[in-house]
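Spelled out from the first residue to the last, the chains are:
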Amino acid sequence: MCEQQCIQVKPDSSGLSCARCWVSRMIENMCFEEDEACGLFIAVGEAVSNAYLHGTPDPELCMIDLSWSLTADALTITVNDSGRCEHRHTTQLPDRGMLARGAELMRSGVDEVFFTDKYTSPVVLIKHLAPSDRGTAA
């Protein structure tokens, strides 16, 4: 079993709203417990927000790509943008308070987070599935 879907959105309020709706529908169609679904939504939302804030140097030309693939063992969500984020890991930014905690938020909602290099795009989020979680994402 392998299912896949992808969308491309503009980095503006309507595009971000579309991305959130897409993620919400995908999560709803999976049979996650409420706390897991909420964590996954927050993790993906943070990845999309980072793509919007740091990965769209030209909002008129840049796009944000979101995709998911579902296998028997895991849900993999990829967020890809057009830019580079040069921020350092949060442990190196203790004076920023709640800022610069995106990686922590993502890691709190999924089982694995992969950045290409120094927190750049694409960001890959992996949620391992228990047998009861294997619904149909749409």
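Residues numbered from 1 in each chain as written. Predicted model: local features only at pLDDT ≥ 70, side-chain atom pairs only at ≥ 80, totals over all residues. Heavy atoms only, no water.

*Asks:* So what's going on with the overall build of the protein chain? Which residues, and what values?
*Replies:* A count of helices and strands for the protein chain gives three helices and five strands. For the protein chain, the N- to C-terminal ordering of α and β elements is β-α-α-β-β-α-β-β. Burial statistics for the protein chain: of 138 residues in total, 41% are counted as buried. (Helix = DSSP H or I, 4+ residues; strand = E, 2+ residues; numbered from the N terminus. Buried < 20%, exposed > 50% of the residue type's maximum accessible area, 1.4 Å probe, protein only.)

*Asks:* With reference to specific residues and values, describe the packing of helix H2 (residues 34-54) against helix H3 (residues 102-109).
*Replies:* Two elements in contact, H2 and H3, have axes whose closest approach is 7 Å; the angle formed by their N-to-C orientations is 150°. The orientation of H2 relative to H3 falls into the category roughly antiparallel. Crossing of H2 over H3 shows left-handed handedness. Contacts between H2 and H3 involve Gly-39, Leu-40, Ile-42, Ala-43, Glu-46, Ala-47 and Asn-50 from the first element and Gly-102, Leu-105, Met-106 and Gly-109 from the second. The residue inventory of the contact of H2 with H3, partitioned by class, reads six nonpolar, four polar and one charged. (Axes fitted to C-alpha atoms, helices over the stretch in contact; angles between N-to-C directions. Parallel < 35°, antiparallel > 145°, perpendicular 65-115°, else oblique. Left-handed = near helix turned anticlockwise from the far one by under 90°. Contact = heavy atoms within 4.5 Å. Nonpolar A, V, L, I, M, F, W, Y, C, P; charged D, E, K, R; others polar.)

*Asks:* Explain the pairing of strand E4 (residues 112-115) to me, and be specific about the residues and the numbers.
*Replies:* Every second residue of E4 is oriented toward a common face, the buried set being Val-113 and Phe-115 and the non-buried set Glu-112 and Phe-114. Note: E4 against strand E5 (residues 123-128), four bridges, orientation antiparallel. If you follow Val-113 over to E5, its bridge partner there is Leu-125. (Pairing = 2+ DSSP bridges.)

*Asks:* So, the nonpolar core: which residues are in play, and what are the values?
*Replies:* Grouped together as the largest cluster of nonpolar side chains are 32 residues, with contacts concentrated most on Phe-32, Leu-40, Leu-66, Leu-75, Ile-77, Met-106 and Leu-125. For this core, the secondary structure elements donating two or more residues are strand E1 (2-9), helix H1 (13-28), H2, strand E2 (64-71), strand E3 (74-80), H3, E4 and E5. Here this core takes seven residues from H2, the largest share from any one element. Sequence-distant contacts of Leu-40, defined by excluding residues within four places in its chain, comprise Ile-27, Phe-32, Leu-75, Ile-77, Gly-109, Val-110 and Lys-127. (Core = buried A, V, L, I, M, F, W, Y, C linked by side-chain atoms within 4.5 Å.)

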